[in-house]
Number of protein chains: 2
Amino acid sequence: MNCEIERKYLVASETWRDAVTSTRRLRDGLLARFEEGKVRVRVAGPVATITIKGPRTGLSRAEYEYEIPRLDAEEILNTLCHPPLVEKTRHYIPHDGLTWVVDVYEGTLDGLVLAEVELEREDQTFALPSWVGREVTGDPRFSKGSLAKQFLPDPKLRSA
Amino acid sequence: MNCEIERKYLVASETWRDAVTSTRRLRDGLLARFEEGKVRVRVAGPVATITIKGPRTGLSRAEYEYEIPRLDAEEILNTLCHPPLVEKTRHYIPHDGLTWVVDVYEGTLDGLVLAEVELEREDQTFALPSWVGREVTGDPRFSKGSLAKQFLPDPKLRSA
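In short, a report on the structure. Owing to the predicted nature of the structure, the values given are computational and were not obtained by experimental measurement.

Rules and cut-offs
Residues numbered from 1 in each chain as written. Chains lettered and ligands numbered in written order. Predicted model: local features only at pLDDT ≥ 70, side-chain atom pairs only at ≥ 80, totals over all residues. Heavy atoms only, no water. Buried < 20%, exposed > 50% of the residue type's maximum accessible area, 1.4 Å probe, protein only. Helix = DSSP H or I, 4+ residues; strand = E, 2+ residues; numbered from the N terminus. Contact = heavy atoms within 4.5 Å. Least-squares fit on C-alpha atoms with pLDDT ≥ 70 in both. Phe/Tyr/Trp six-rings, centres within 6.5 Å; stacked < 30°, edge-to-face > 60°. Core = buried A, V, L, I, M, F, W, Y, C linked by side-chain atoms within 4.5 Å. Buried area = accessible area lost by both parts, 1.4 Å probe. Salt bridge = Lys/Arg side-chain N within 4 Å of Asp/Glu carboxyl O. Polar contact = N/O pair within 3.5 Å; in protein donor to acceptor, adjacent residues only side chain to side chain. Pairing = 2+ DSSP bridges.

### Some points on helix α1 (residues 70-79) of chain B
Buried within α1(B) are the following residues: D72(B), A73(B), E74(B), I76(B) and L77(B). Buried-residue contacts for α1(B) involve β4 (47-57) and β5 (60-68) of chain A together with β2 (22-34), β3 (37-44), β4 (47-57) and β5 (60-68) of chain B.

### Here's the deal with the relation of the copies chain A and chain B
When chain A is brought onto chain B, the operation consists of a screw motion whose angular component is 180 degrees and whose axial shift is 0.0 Å, with 0.0 Å RMSD remaining. Taken together, the rotation and translation describe the operation of a two-fold axis. The C-alpha atom lying nearest the rotation axis in chain A is that of A32(A); the distance is 3.0 Å. Comparing interface residues between copies, 100% of those in chain A also lie at the interface in chain B; the contact surface is shared.

### Topic: the packing of aromatic side chains
The tally for this structure, following the rule as stated, stands at 6 aromatic pairs over all chains. Between the aromatic rings of W100(B) and F126(B), the centroid separation amounts to 6.1 Å while the plane-to-plane angle is 55 degrees, which identifies the pairing as tilted. Remark: F126(B) occurs in the loop between β8 (113-119) and β9 (132-135) and W100(B) occurs in strand β7 (residues 98-105); sequence separation between them is 26 residues. Relative to W131(B), the ring of W100(B) lies with its centre 5.9 Å away and its plane at 80 degrees, an arrangement referred to as edge-to-face. On the criterion of sequence distance, the pair formed by W100(B) in strand β7 and W131(B) in the loop between β8 and β9 is long-range, its members being 31 residues apart. Under the relative-accessibility criterion, W100(B) is labelled buried at 0%. Each member of the aromatic cluster is reached from another via a ring pair, and the members are Y9(A), W100(A), F126(A) and W131(A).

### Brief notes about the nonpolar core
L31(A), I76(A), L31(B) and I76(B) are the most contacted members of the largest nonpolar core, which totals 38 residues. Contacts of L31(B), omitting those with residues within four sequence positions, involve F34(A), V39(A), I52(A), V39(B), R40(B), I76(B), L80(B) and C81(B). Membership of the second largest hydrophobic core comes to 16 residues, among which are Y9(B), V104(B), A115(B) and W131(B).

### Some words on the interface of chain A and chain B
Quite often, the size of an interface is put as the accessible area lost when its parts meet. Listed as interface residues are 21 residues of chain A and, on the opposing side, 21 residues of chain B. Contact between chain A and chain B buries roughly 1800 Å² in total, counting both sides, with carbon and sulfur atoms accounting for 68%. Summed over the three residues of chain A that lose the most area to chain B, namely Y64(A), Y66(A) and L80(A), the buried surface amounts to 30% of that side. Applying the counting criterion to the chain A and chain B interface returns 0 salt bridges. Seen at the junction of chain A and chain B, the total is 6 residue pairs in polar contact (both at pLDDT 80 or more). Breaking the side of chain A that touches chain B down by element, the ones donating at least two residues are β2 (22-34), β4, β5 and α1 (70-79) of chain A.

### Some points on the pattern of salt bridges
All names here are of chain A. Using the criterion set out here, one finds 34 salt bridges over all chains in the structure. For E14, the salt bridge is made with R17, and the minimal N-O distance between the two is 2.7 Å. For E14, a relative accessible area of 47% gives the class partly exposed. Residue classification places R17 among the partly exposed positions, given a relative accessible area of 40%. Across the salt bridge formed by E87 and R27, the nearest N and O atoms sit 4.0 Å from each other. Here R27 lies in strand β2 and E87 lies in strand β6 (residues 86-95), a separation of 60 residues in the sequence. Salt bridges linked by common partners bring R25, R27, R70, E74, E87 and E106 together as one network.

### A few points about the side chain of T89(B)
All names here are of chain B. Positionally, T89 belongs in strand β6 (residues 86-95). A polar side-chain atom of T89 sits 3.1 Å from a polar atom in the side chain of E106. Ignoring anything within four residues of it in the chain, the contact list for T89 reads T23, R24, R25, V102, D103, V104 and E106.

### As for the pairing of β3(B)
Residues and elements named next belong to chain B. The element β3 is extensively covered by neighbouring structure, given that 8 of its 8 residues are classed as buried. Along β3, one buried face is formed by G37, V39, V41 and V43 and the opposite face, lined by K38, R40, R42 and A44, is buried too. Judged from the 8 bridges that link them, β2 and β3 form a sheet pairing that is antiparallel. Looking at the pairing, D28 lines up with R42 of β3. Connecting β2 to the antiparallel partner β3 that follows it, the hairpin turn spans 2 residues, and E35 within it adopts a positive phi of roughly 35 degrees. Linkage of β3 to β4, two consecutive antiparallel strands, is achieved through a turn of 2 residues, within which G45 is found at a positive phi near 60 degrees.

### Notes on the pairing of strand β8 (residues 113-119) of chain A
In summary, the side chains of a regular strand alternate between the two faces of the sheet. All names here are of chain A. Burial within β8 is extensive, with 6 of its 7 residues counted as buried. Taken together, the 5 bridges between strand β7 (residues 98-105) and β8 define a ladder with antiparallel strand orientation. Across the sheet, D103 pairs through a bridge with L114, a residue of β8.

### Things to note about unusual backbone geometry
Residues and elements named next belong to chain A. Along the chain, P83 connects to P84 via a cis peptide bond; the corresponding omega equals -5 degrees. Here P84 is to be found in the loop between α1 and β6. For D96, which is not a glycine, the phi torsion comes out positive at approximately 55 degrees. Here D96 lies in the loop between β6 and β7.

Read these as layout, nothing more, since geometry by itself doesn't imply function.
The structure is reproduced here in structure tokens:
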């Protein structure tokens, strides 16, 4: 088990684009929910995974992730996961010893851009890049569950 | 993807015990349901798996199964799966070119014994072993979902 501790932010400017070191296209499908947990299937470039996420406690949640054959993942996304799938391009941006990801959403979520950083401890201090806007960690409007339902936050929430 | 086609029976006598070639202890937990599908975690001796089962059509259902670390599986069974877990001993019995399994349930399902055979085609013909009793394929009282809820079928249903 990994314990996923992440903080999530809106993006205040476009300057993050200058610092991107790599980019991947992601296609996510929610396969099943249980209590406060979920099972997700993802295709990220050539790699596919199945991920179990447990209930959230504070900023943390248990996470188990396993690589699965990409062909299986495509079938599961197309036949068993609840449409619509979430499609986005993930950009990786190193900053002050941490790797930030900026997700640029597509489809009905077009226009939504979220930044996330994964931490090792809940109380870890870290430097915010200048392009990071308002924190939305724990805001249910920006949870992956809400986004998977293609809930598009009010346009004014999308600005920092 | 595999396509799982199986037929399920009650057991009419104890003579199957003489033909057992191997035995494994299974511990199954239902992690999540979705529409008519489910995600299951199993520890079978030293091997642990996560299995996605799609909706049933006739005798068939799509099935995706992946091996996962046993330690992860134990954690998931103990912390994320809905109690109670299903615990049983599975006996393998070759008969006329097919392998039958006889599951002997424990705990609150103690006394329940079910035989299953996995087929390659829905219309496949095969020889029934003499110890096989009444067929219960498709009987919701004997579905793994019902059994996972520790629904103990009426004692008279358990005889062949």
